[in-house]
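Analysis of the macromolecular model
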Amino acid sequence: MERGDMCNMPSSLPNCHPSLNGEPARSLLVSYMEWVDPASRKPIQTVKRTTEPETAPLLRRDRTNHVIVYNGCFNPPHRGHLANLRHAYQHSGGDMNVVGAIVLVAPDAYLAWKMGPDYSDPRDHEAPLRLAEAQRVRLWRAGLAELGAGEEHWCFVLPESGWVRASQKLEAALAEARFCVEFVRLAGGDKVSVAYQQHGVWGATTVTTDISRPLDFYAGGGSGSGDPVRLNNHGPWRRVVQEQAEKKKEGEALPAGDEQSEDASTQDQAPAAAVVEGSRNVWICEPSNSRNANLRIRFISSAAHERLDPELSSTNARRIIAGVDTSAPPAQQYAQLESRLRGVALGAGLLARYIVERRYGGNVDIGL
């Protein structure tokens, strides 16, 4: 980041100059995100978390702050994506001090690589869905705005193509304000399994949950209890003792990165009083290779009643789209799409509009 960029930071940005007297020891991540990405300017709301009272998440100087990074194609983004992200944020554990999350939407070139070359006519009703990066960003933001419930202040959506520069600006601003921040990556079951684990992308810690799809290493997945199965080339799982969360909730400062944990073999010995009401079991493990000792996987389990239908996926959303009667008038197609995608896709109305406009070249009356 150029020094000139730092000098051009708005005076309203909190704690930019640590030399100022009387500066507070806490601040809001959203204040920095608004500067990094003006599209993040949204009203401050609150969301209740396991380890925090119902207040906006605060950056703190007395511990390491963590920001979840969730990347993917999101073609299209759906409720399972959001559930996965919210669960990781809300139940990450008191030792993590997660202050927010950033969704990174993959660029068009990556989507094309993943899906293969697109030789179809844009107006071909049978063509597979390929949403542009900007459209997928807007769908995420529309979905968050529709759902409310506090997403506006802790979840930010950016195009991955601009993340390198944005992250440099964010890290520089936070360092200037003397906040210690580390990124952790949220990954799905295709990135963390018994046989395969993807480490080292945006931070040393990879977080995963089972709320939106089953994980092959969670032996107790059907009931929400039991020990995770040991991953290949990794040490045993250790459960994070939730007493840490109680201390954090009461306002006690904890050493950065200092989790209390116990081996899976002794998990049942933990006193019930140590678990925060509404909390979820949190497990961690590290690679058994000493060269990768700084890497870790953090698994946040879910209760059985919380889990979504595993069929809720981008693939299923595309099937719904393909199943709409394309011989119907555009306005009727839009109504069918919006109705069938509601409760499945984020920004269902906007997505339905994108699809119909693509089919008819963007110049079509859908009755809005």
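Below, the structure is looked at part by part.

Rules used in this analysis
- Residues numbered from 1 in each chain as written.
- Predicted model: local features only at pLDDT ≥ 70, side-chain atom pairs only at ≥ 80, totals over all residues.
- Heavy atoms only, no water.
- Helix = DSSP H or I, 4+ residues; strand = E, 2+ residues; numbered from the N terminus.
- Buried < 20%, exposed > 50% of the residue type's maximum accessible area, 1.4 Å probe, protein only.
- Contact = heavy atoms within 4.5 Å.
- Areas by Shrake-Rupley, 256 points an atom, 1.4 Å probe, with all protein chains shown as cover.
- Salt bridge = Lys/Arg side-chain N within 4 Å of Asp/Glu carboxyl O.
- Expected span 1.5 Å × (residues − 1).
- 1 Å grid on protein atoms, 1.4 Å probe; cavity = no way out; pocket = protein on both sides within 12 Å on 5 of 7 lines; lining within 4 Å.
- Points joined across faces, edges and corners; volume = space filled by probe spheres on them.
- Nonpolar A, V, L, I, M, F, W, Y, C, P; charged D, E, K, R; others polar.
- Pairing = 2+ DSSP bridges.
- Core = buried A, V, L, I, M, F, W, Y, C linked by side-chain atoms within 4.5 Å.
- Axes fitted to C-alpha atoms, helices over the stretch in contact; angles between N-to-C directions.
- Parallel < 35°, antiparallel > 145°, perpendicular 65-115°, else oblique.
- Left-handed = near helix turned anticlockwise from the far one by under 90°.

Thoughts on the overall build of the protein chain
What the protein chain contains, in helices and strands, is 11 helices and 11 strands. Within the span of the protein chain, comprising 368 residues, buried residues form 51% of the whole. Taking contacts inside the protein chain between residues at least 6 apart in sequence as the whole, the part at least 24 apart equals 71%. For the protein chain, the accessible area works out to roughly 16400 Å², and carbon and sulfur atoms hold 49% of it.

Details of unusual backbone geometry
Of note, the amide linkage connecting Asn-75 to Pro-76 takes the cis form, showing an omega dihedral of 5°. As for its position among the elements, Pro-76 is in the loop between β3 (65-72) and α3 (79-90).

Some details on the pattern of salt bridges
As enumerated under the stated definition, the model contains 11 salt bridges in all. A salt bridge links Arg-298 to Asp-95; its shortest N-O distance comes to 2.7 Å. With Arg-298 in strand β11 (residues 296-300) and Asp-95 in the loop between α3 and β4 (98-105), this pair connects stretches of sequence that are 203 residues apart. Overall, Arg-298 belongs to the buried group, its relative accessible area being 1%.

Re helix α5 (residues 133-147)
Taking 1.5 Å per residue, 15 residues should reach 21 Å; α5 reaches 22 Å between its end C-alpha atoms and fits that length. By the burial criterion, the buried members of α5 are Glu-133, Gln-135, Arg-136, Val-137, Leu-139, Trp-140, Gly-143 and Leu-144.

Thoughts on the environment of Val-324
Mapping Val-324 onto the fold places it in the loop between α9 (314-322) and α10 (330-341). Given the relative accessible area of 4%, Val-324 is considered buried. Residues Val-324 and Tyr-334 lie 10 residues apart in sequence; the distance between their C-alpha atoms is 9.2 Å.

Thoughts on the layout of surface pockets
Empty space left among the atoms is revealed by rolling a probe the size of a water molecule over them. Each pocket or cavity is described by its volume, and for the largest pocket that value is around 810 Å³. Looking at the largest pocket, it is lined by 33 residues, and the ones nearest its centre are Cys-73, His-81, Lys-114, Asp-190 and Arg-213. Broken down by element, the lining of the largest pocket gets its largest block of residues, four residues, from helix α4 (residues 108-115). Looking at the lining of the largest pocket, its residues break down into 12 nonpolar, 14 polar and seven charged.

Quick notes on the pairing of strand β6 (residues 181-186)
Side-chain direction in a regular strand flips from residue to residue, so the side chains alternate between the two faces of the sheet. Judged from the five bridges that link them, β3 and β6 form a sheet pairing that is parallel. For His-66, the partnering residue across the bridge sits in β6 and is Glu-182. Strand direction decides the pairing type here: β6 and strand β7 (residues 205-209), joined by two bridges, are parallel. Bridged to Leu-186 within β7 is Val-207.

Observations regarding the nonpolar core
Residues Ile-68, Leu-85, Val-103, Val-105, Trp-140, Val-157 and Leu-186 are the most contacted members of the largest nonpolar core, which totals 26 residues. Of all the elements in the fold, those that place two or more residues in this core are β3, α3, β4, α5, β5 (155-159), β6 and β10 (282-285). Those residues in contact with Leu-85 that sit more than four places away from it in its chain are Ile-68, Tyr-70, Ala-101, Val-103, Trp-140, Trp-154, Cys-155 and Leu-186. Counting residues in each nonpolar core, the second largest holds 22 residues, with Val-30, Val-99, Phe-156 and Leu-158 among its members.

Re the packing of α3 against α5
Running from N to C, α3 and α5 cross one another at 70°; their axes reach a closest spacing of 11 Å. Classified by the angle between their axes, α3 and α5 sit roughly perpendicular to one another. Remark: the crossing between α3 and α5 carries right-handed chirality. For the pair α3 and α5, the contacting residues are Arg-79, His-81, Leu-82 and Leu-85 in the first and Trp-140, Leu-144 and Leu-147 in the second.

Some words on the environment of Arg-318
Following the sequence through the fold, Arg-318 ends up in helix α9. Between the C-alpha atoms of Arg-318 and Pro-76, which are 242 residues apart in sequence, the distance is 7.9 Å. Setting aside anything within four residues of it in sequence, one finds Arg-318 in contact with Asn-75, Pro-76 and Leu-129.

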